[in-house]
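Reading the structure
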Amino acid sequence: SIDDWIENLKKQKEAQEKYKKGMMQKIFSQEIRFKDGNGNDYPEWEEKMLGEIGTFFSGGTPLSTNKEYYNGTIPFIGSADIYKPSVVNHISEEAMTSSSAKLVHKGDLLYALYGANSGEVAISKISGAINQAVLCIRTSESVEYIYYLLLFYRVQIVSKYLQGGQGNLSANIIKKLRIMVPVKEEQQKVADFLSSIDDLINLTRQRITQAE
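The paragraphs below set out a description of the structure included in this document. Fair warning: this is a prediction, and the values are worked out from it, not measured in the lab.

A word on the environment of K21
Turning to its location among the elements, K21 is positioned in helix α1 (residues 2-28). On the basis of relative accessibility, which here comes to 63%, the residue K21 falls in the exposed class.

Brief notes about unusual backbone geometry
The phi torsion at Q30 lies on the positive side, around 65°, for a residue other than glycine. Its location among the elements puts Q30 in the loop between α1 and β1 (46-49).

Some details on the packing of α1 against helix α3 (residues 143-152)
Packed helices, taken two at a time, are described by the angle their axes make and the gap between the axes. Here α1 crosses α3 at 105°, and the two axes come no closer than 11 Å. With respect to their mutual orientation, α1 and α3 come out roughly perpendicular. In contact with K20, M24, Q25 and F28 of α1, α3 contributes Y145, Y148, L149, L151 and F152. The residue inventory of the contact of α1 with α3, partitioned by class, reads seven nonpolar, one polar and one charged.

A look at the sheet that holds strand β2 (residues 54-58)
Overall, antiparallel pairing links the four strands, which are arranged β2-β9-β6-β7 in an open sheet. The strands lining the two open edges of the sheet, one partner per strand, are β2 and β7 (121-123). The sheet shows a mean angle of 25° between the axes of neighbouring strands, direction not considered. Here four bridges tie strand β6 (residues 109-112) to strand β9 (residues 134-139), and the two strands are oriented antiparallel to one another. Considered in β9, the bridge of A112 is made with V134. Each of β6, β7 and β9 is contacted by α3, which is oriented at about 160° to β7, the strand it contacts most.

A word on the sheet that holds strand β8 (residues 128-130)
Here we have four strands laid out as an open sheet, ordered β4-β3-β8-β5, and mixed in their pairing. Edge positions in the open sheet fall to β4 (90-91) and β5 (102-104), since each of these has one partner strand only. Looking at chain direction, β5 and β8 are connected through three bridges and run antiparallel. Bridged to L103 within β8 is A129.

About the thresholds
- Residues numbered from 1 in each chain as written.
- Predicted model: local features only at pLDDT ≥ 70, side-chain atom pairs only at ≥ 80, totals over all residues.
- Heavy atoms only, no water.
- Helix = DSSP H or I, 4+ residues; strand = E, 2+ residues; numbered from the N terminus.
- Buried < 20%, exposed > 50% of the residue type's maximum accessible area, 1.4 Å probe, protein only.
- Axes fitted to C-alpha atoms, helices over the stretch in contact; angles between N-to-C directions.
- Parallel < 35°, antiparallel > 145°, perpendicular 65-115°, else oblique.
- Contact = heavy atoms within 4.5 Å.
- Nonpolar A, V, L, I, M, F, W, Y, C, P; charged D, E, K, R; others polar.
- Pairing = 2+ DSSP bridges.

Below you can see the structure in the form of structure tokens.
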């Protein structure tokens, strides 16, 4: 009976993920639109290049042969770490000043330029330093909206620029992506709606882990 329960939870999670994917398709194609507090339509979405709505920078890696650089307290965030609440590697202040590593803040949008997870995106859970495989995107738009937008288009971006697993993404490629941008209030409604689905998926995932 426990095995059956776990299997049902897994099917529930699969259905929730399928629902999320379908809703993202409808939202970003504007098949579904949100309304303001008075029930009125928001203005039409504007097409922009991603580079128009924020600032972008990637980091660097301190000299790996200098062990003192890696005995510090600053979390060192690689492309595989962008979604993690903690990291294994830490660097020193001296490592920061002697390299092109850059500091990011909790809440910044992080984009994996290359590595096994090229094209993946996350909202940083920690402050720390990034290497050259990570692009930081800071925007005055809704960070959560841009996160979901890039998440939705990941497959298309990777298939276009990393054909056959070859090549790297770059800041210039990402900045030139053309995106549709609603007003910020509607952006936040989109983000809140999709975040609520993620909360359900995460809750189901936790229940599966506890049951197993």
